[in-house]
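Topology and contacts: notes
Chain by chain, the residues:
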Amino acid sequence: MTDTAKITLGDKTVDSPVLSGTVGPDVVDIRKFYAQTGAFTYDPGFTSTASCESKLTYIDGDEGVLLHRGYAIGDLAEHSSFMEVCYLLLNGELPTADELKTFDYTITRHTMLHEQLATFYRGFRRDAHPMAIMCGVVGALSAFYHDSTDIQDPHQRMIASHRLIAKMPTIAAMAYKYSVGQPFIYPDNKLSYTGNFLRMTFGVPAEEYEVVPAVERALDRIFILHADHEQNASTSTVRLAGSSGANPFACIAAGIACLWGPAHGGANEAALNMLREIGRPERIPEYIARAKDKDDPFRLMGFGHRVYKNYDPRATVMQKTVREVFDALKVNDPVFEVALQLEEMALNDDYFVEKKLFPNVDFYSGVILSAIGFPTTMFTALFALARTVGWVAQWNEMISDPAQKIGRPRQLYTGPAHRPYVPVSQR
Ligand code: CMC
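Within any chain, residue numbers begin from 1 and follow the written order of that chain's sequence. Under the rules for a predicted model, residues below a pLDDT of 70 receive no local features and side-chain atom pairs below 80 are neither given nor counted, while totals for whole chains, interfaces and linings still include all residues. Excluding hydrogens and water, the side-chain figures rest on all heavy atoms present in the structure.

**Some words on empty space enclosed by the protein**
- The pocket and cavity definitions rest on a 1 Å grid over protein atoms only: a 1.4 Å probe that fits but cannot leave marks a cavity, an open set with protein on both sides within 12 Å along at least five of seven lines marks a pocket, and residues lining either have an atom within 4 Å of a point. Grid points are joined across faces, edges and corners, and a volume is the space filled by probe spheres set on the points. Applying the stated rule across the entire model yields one cavity of 30 Å³ or more.
- Approximately 90 Å³ is the volume attributed to the largest cavity.
- In terms of lining residues, the largest cavity is bounded by 13 residues, among which Thr108, Thr111, Ser192, Tyr193 and Asn196 are the most central.
- Elements with a contribution of two residues or more to the lining of the largest cavity: helix H4 (97-108) and helix H8 (193-202).
- Each residue belonging to the lining of the largest cavity can be placed in one class, and the counts come to six nonpolar, five polar and two charged. Helix numbering and strand numbering both begin at the N terminus, where a helix is a DSSP run of H or I of at least 4 residues and a strand a DSSP run of E of at least 2. Put simply, Ala, Val, Leu, Ile, Met, Phe, Trp, Tyr, Cys and Pro go in the nonpolar bin, Asp, Glu, Lys and Arg in the charged bin, and everything else, Gly too, in the polar bin.

**Structural notes on the site of the ligand**
- Here, proximity means that at least one heavy atom of the residue falls within 4 Å of the molecule or strand. Contacts to the ligand come from 19 residues, most closely from His264, Leu300, Gly302, Arg306 and Lys355.
- The method behind every accessible area is Shrake-Rupley, applied with a 1.4 Å probe, and residues are considered shielded solely by the protein chains displayed. In isolation the ligand has 940 Å² of accessible area, and contact with the protein removes 75% of it.
- Residue composition of the shell around the ligand, grouped by class: eight nonpolar, six polar and five charged.

**Quick notes on the sheet that holds strand E3 (residues 27-28)**
- Any two strands are treated as partners once DSSP identifies two or more bridges connecting them. The sheet built from three strands is open, its strands ordered E1-E2-E3 with antiparallel pairing. At either margin of the open sheet sits one strand with a lone partner, and together these are strand E1 (4-9) and E3.

**Some words on the environment of Pro17**
- Assignment of secondary structure puts Pro17 in strand E2 (residues 12-19).
- Residues Pro17 and Asn310, spaced 293 residues apart in sequence, show a C-alpha to C-alpha distance of 31 Å.
- Throughout, a contact is declared for two residues whenever any of their heavy atoms are within 4.5 Å. For Pro17, the residues in contact, after removing those within four places along its chain, are Asp3, Thr4, Val27, Val28 and Asp29.

**Points about the sheet that holds strand E5 (residues 65-68)**
- What the three strands build is an open sheet, ordered E4-E5-E6; its pairing is antiparallel. The open sheet has two free edges, formed respectively by strand E4 (57-60) and strand E6 (71-72), since each of these has just one partner strand.
- When E5 meets E6, the two strands line up antiparallel, connected through two bridges. In the sheet register, His68 faces E6, and the bridge partner there is Tyr71.

**Here we look at the side chain of Asp228**
- Within the secondary structure layout, Asp228 lies in the loop between helix H9 (213-226) and helix H10 (233-243).
- Buried residues are those whose accessible area, probed at 1.4 Å on protein chains only, stays under 20% of the maximum for their type, while exposed residues exceed 50% and partly exposed ones sit between those limits. Asp and Glu are treated as the negative residues and Lys and Arg as the positive ones, with His and the ends of the chain left uncounted. The term salt bridge refers to a pairing of a side-chain nitrogen on Lys or Arg with a carboxyl oxygen on Asp or Glu at a separation within 4 Å. Buried Asp228, no salt bridge; nearest opposite-charge side chain is Arg387, N-O distance 5.0 Å.
- Whenever two N or O atoms come within 3.5 Å, that pair is a polar contact, provided that in protein one can donate a hydrogen and the other can accept it, and provided that, for residues adjacent in sequence, both atoms are side-chain atoms. Among the polar contacts made by the side chain of Asp228, one reaches the side chain of Thr57 at a distance of 2.6 Å.
- Here Gln394 takes part through its side chain, which lies 3.1 Å from a polar atom of the side chain of Asp228.
- Discounting residues that sit within four places of it in the chain, Asp228 has contacts with Leu56, Thr57, His68, Leu89, Thr235, Arg387, Gly390 and Gln394.

These figures come from the coordinates and say nothing about function on their own.
Okay, structure coming up:
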């Protein structure tokens, strides 16, 4: 590949540098393009635009590859733990045994919330969606932890990152407890990150809560699968919010808001609702036909991806995990059979083959989370919990990047040109 790209616009030709990453497509550096030509580039949805340089996560969508700091997601899901992946994303390397112990200790010691935050919860309607509560509570953390909001101080950034990762399970579990009218359960430092979350969610003060190891492992793996995913919509939202110098708690609240949408994190909730609505394998063809019908807005939820044009490697692990959880809990939800048959039928259908639509991470995650006992409204909250490490790692990377500027896209304006104001009496 040449190291410059020649772009001709009218009678002007400009040379734009071509930059290469470690792997993946080269990028044409168009930072000076407007100054040189007076024209903007146009790319709504960022389908051809790299918004930043990053060392965290690499996706090859055609091959179905996802790497965190160079490690394949399948290897991490099989051999690692969520705490280890958090350390890896934040620090760039897998921890030694001592480093992992220290990191785990630090996160465990930050899991409690300021007690006044419990009062904050009581301001929400009882039937509030957990994501509505999470947007509010995470944003409110900045009012409680002023000592970690100076973003220019790397130490404060690290404390804020640890706080966010540590408190997210407590916040999500409290959102659930509030919605079912049960008392909040405080964290228990003897338990693992994931075991603690299960106990805070499903435990009650009247009884001892026993963490089922297979469920703890499955949920930990689900957290690993959701930990980071390159410059997706919510991560880009966190970066854009952070580019103005906003504090990390506010930035993560912005990421949570973006994640909530059904085209992004909300798809796991939508996918399970769809599978339940289909209900029986005989009804699958009807839904496939609807998904293919241009006049019907219905889409197969949990299918298709902006980047993966192959099987999402996270979906492979998810499908395996469904069986493990079903075996451990001795459940057999017919919805799994519907999911398997729907996948098979879609993968053999020309429409899905031609458009390269494969199951994504959300297709099977709802089936597992539902078997564990989470209501559908909690699914996206769990995604937010796990993605928090990716968000803070990307945010830290951005703040540390000397090339970082406030994000400020331009536009193709198609509204009225300048026109004289007409007084109301003359309109
Ligand atoms: N069912 C039926 N048709 C689909 C689907 C689907 N799930 N997804 C895409 N298509 C079609 C779409 O109609 C379009 O057809 P045409 O070219 O004829 O207009 C073509 O495939 C390309 O779709 P697109 O909307 O232009 O692609 P996109 O990259 O903008 O959208 C997506 C990606 C994930 C938003 C989309 O595939 C979708 O809506 N999927 C369902 C929701 C979902 O599962 N989201 C979770 C994404 S993974 C988790 C995450 O990263 O948050």
